Amino acid sequence: MLKALAYIFGFLLLGELITYFFEIPIAGNILGMFLIFMALRLKIIKLQDVKPASDKLIKYLVLFFIPYGVGLMVYFEIIADYWMPISVAVIASTIITLYISAIIIEKLEK
Amino acid sequence: MQEFFQLPVFGVFISILAFAGGREIRKKLNYVLLNPVLLAILFIISFLLIFNIDFEDYNRGGKFISFFLGPSVVALGVFFYEKYEEVKQNLKVFLLSVAIGGVSGILTIIIFLMLLKVPRFIIESLASKSVTTPIAIEITKLTGGIPEITAGIVIAVGIFGNAFGPFILKKLGIKSKIAIGTALGTAAHGIGTARAFEESKLAGVYSGLAMCVNGIITALLTPYLLLLFMGSHA
């Protein structure tokens, strides 16, 4: 578990380091996700070395974003003024995304 | 008493307690709108309002919880590697679906909000609404929006997709479980993926992968698409 955590945080740090030095407009953790995937594909690291930590983190992923959700209370009045256009736009956009994504597979799947 | 609530352990404890409570309620009453995260957030907000506690005080502890979003995104890379083999057969079609679906998600939300004359900072906060919360939050930090607004709407999108996604898709004539799974992951991230797993194991795997791929696509494109439609900040 300790080794797995070290790998996860190591790749996170690597991602942050690269965005810090090269000023790429992408978050360090997203870069870390890509790098750990590549490292696994290229067999630089082994799945069983990282899996104990990654499984646990994914299991509790939703717990980790609760504080941001609570933070919505600070902006409640601001977005309350726009709740109608926001709801319409978000629902319409989500249905379109769902449909376009699904119809491509439905038509082309083997 | 206010000083007591400023102790970080308060924010940490109430977050864990609310989440555990939300999960218990969901287990007892299996009703889709009773999403554990939604329940936890509503409970904590109510508690803070009733006891007149500032969000900043709660977040002294809350930020220890949300810190783990960073490593969790890295963990998604491991998940992706693990499940990658299972989608190999349909890889090209799958990637095409997520890419086009994902881009249309960003474009339509920007265009609709612009047409409805919603202020710029809200558009910047919502452009990444389809992707998993930790990635959406990072995108919003880069685009100049407000991450808390992003988190709230992203969770709402997930619950919408979870509750109505498969129903809407079936009404629109979609039959393939793989199509439904991919669409749920692309449009409604992890909360949609939870529903995809209820449709079938395979649908769930496709959904989880679609969530990761769309996270990357959206992270790469959103800043540029916002710039293209709205110009740079004055």
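Notes on the structure follow.

Conventions used here
Residues numbered from 1 in each chain as written. Chains lettered and ligands numbered in written order. Predicted model: local features only at pLDDT ≥ 70, side-chain atom pairs only at ≥ 80, totals over all residues. Heavy atoms only, no water. Helix = DSSP H or I, 4+ residues; strand = E, 2+ residues; numbered from the N terminus. Rg over C-alpha atoms; globule rule 2.2 N^0.38 Å. Buried < 20%, exposed > 50% of the residue type's maximum accessible area, 1.4 Å probe, protein only. Contact = heavy atoms within 4.5 Å. Areas by Shrake-Rupley, 256 points an atom, 1.4 Å probe, with all protein chains shown as cover. Lys, Arg positive; Asp, Glu negative; His and termini not counted. Charge placed at Lys NZ, Arg CZ, Asp CG, Glu CD. Buried area = accessible area lost by both parts, 1.4 Å probe. Salt bridge = Lys/Arg side-chain N within 4 Å of Asp/Glu carboxyl O. Polar contact = N/O pair within 3.5 Å; in protein donor to acceptor, adjacent residues only side chain to side chain. Axes fitted to C-alpha atoms, helices over the stretch in contact; angles between N-to-C directions. Parallel < 35°, antiparallel > 145°, perpendicular 65-115°, else oblique. Left-handed = near helix turned anticlockwise from the far one by under 90°. Nonpolar A, V, L, I, M, F, W, Y, C, P; charged D, E, K, R; others polar. Expected span 1.5 Å × (residues − 1). Core = buried A, V, L, I, M, F, W, Y, C linked by side-chain atoms within 4.5 Å.

1. Observations regarding the overall build of chain A
A count of helices and strands for chain A gives seven helices and zero strands. Moving toward the C terminus, one meets the helices and strands of chain A in the order α-α-α-α-α-α-α. Its C-alpha radius of gyration of 19 Å places chain A more than 25% over the 13 Å reference for a compact globule of 110 residues. Residues classed as buried in chain A amount to 45% of the 110 residues present. Counted over contacts in chain A with a minimum sequence separation of 6, partners at least 24 positions apart contribute 43%. Summing over all exposed atoms, chain A offers an accessible surface of approximately 5,900 Å²; the carbon and sulfur share of this is 70%. Of the charged side chains in chain A, 9 are positive and 8 negative, and the gap between their average positions amounts to 18 Å.

2. With respect to the interface of chain B and chain A
Every contact between the two is made by 96 residues of chain B and, on the other side, 66 residues of chain A. Here chain B packs against chain A, burying approximately 7,400 Å² in sum over the two surfaces, 82% of which is carbon and sulfur. Three residues, B:V74, B:V78 and B:Y81, lead the burial of chain B against chain A; their summed loss comes to 9% of the area buried on that side. At the junction of chain B and chain A, the tally comes to one salt bridge. When the shortest N-O distance is used, the salt bridge between A:K51 and B:E82 registers 2.7 Å. Where chain B touches chain A, the interface holds 10 residue pairs in polar contact (both at pLDDT 80 or more).

3. Remarks on the packing of helix α6 (residues 91-115) of chain B against helix α11 (residues 201-230) of chain B
Residues and elements named next belong to chain B. Following both chains from N to C, one finds α6 and α11 inclined at 40°, their axes separated by 8 Å at the closest point. With respect to their mutual orientation, α6 and α11 come out oblique. Our pair here, α6 against α11, has a crossing hand that is right-handed. Grouping the constituent residues of the contact of α6 with α11 by class yields 20 nonpolar, four polar and no charged.

4. What about helix α2 (residues 28-41) of chain A?
Working note: α-helix, 3.6 residues per turn, so residues spaced by three or four point in the same direction. Spanning 14 residues, α2(A) covers 20 Å between terminal C-alpha atoms, matching the ideal 20 Å at 1.5 Å per step. Burial analysis of α2(A) places 10 of its 14 residues in the buried class, the great majority of the element. Residues of α2(A) that are buried include every one of A:G28, A:N29, A:I30, A:L31, A:G32, A:M33, A:I36, A:F37, A:A39 and A:L40, and no others. For α2(A), the secondary structure elements touched by its buried residues are α1 (2-22) and α3 (47-59) of chain A together with α5 (69-87), α8 (133-143) and α11 of chain B.

5. Considerations on the nonpolar core
Judged by nonpolar contacts, the single largest core of 43 residues is most densely connected at A:I8, A:I36, A:I66, A:V70, B:I44, B:L48 and B:Y58. Here this core takes six residues from helix α3 (residues 36-50) of chain B, the largest share from any one element. Residues in contact with A:I36, not counting those within four places in the same chain, are A:I8, A:F11, A:I45, A:V50, B:V74, B:G77 and B:V78. Formed by 42 residues, the second largest nonpolar core is a distinct cluster that contains A:F37, B:L169, B:V205 and B:V213.

6. Some thoughts on unusual backbone geometry
Even without glycine at this site, A:K43 takes up a positive phi of about 60°. With respect to the helices and strands, the residue A:K43 is situated in the loop between α2 and α3. By relative accessible area, A:K43 is classed as exposed at 66%. In the Ramachandran plot, B:N52 falls in the positive-phi region, its phi being about 55° despite a non-glycine side chain.

7. Re the environment of A:K59
Relative to the assigned elements, A:K59 resides in helix α3. Between the C-alpha atoms of A:K59 and A:I24, which are 35 residues apart in sequence, the distance is 30 Å.

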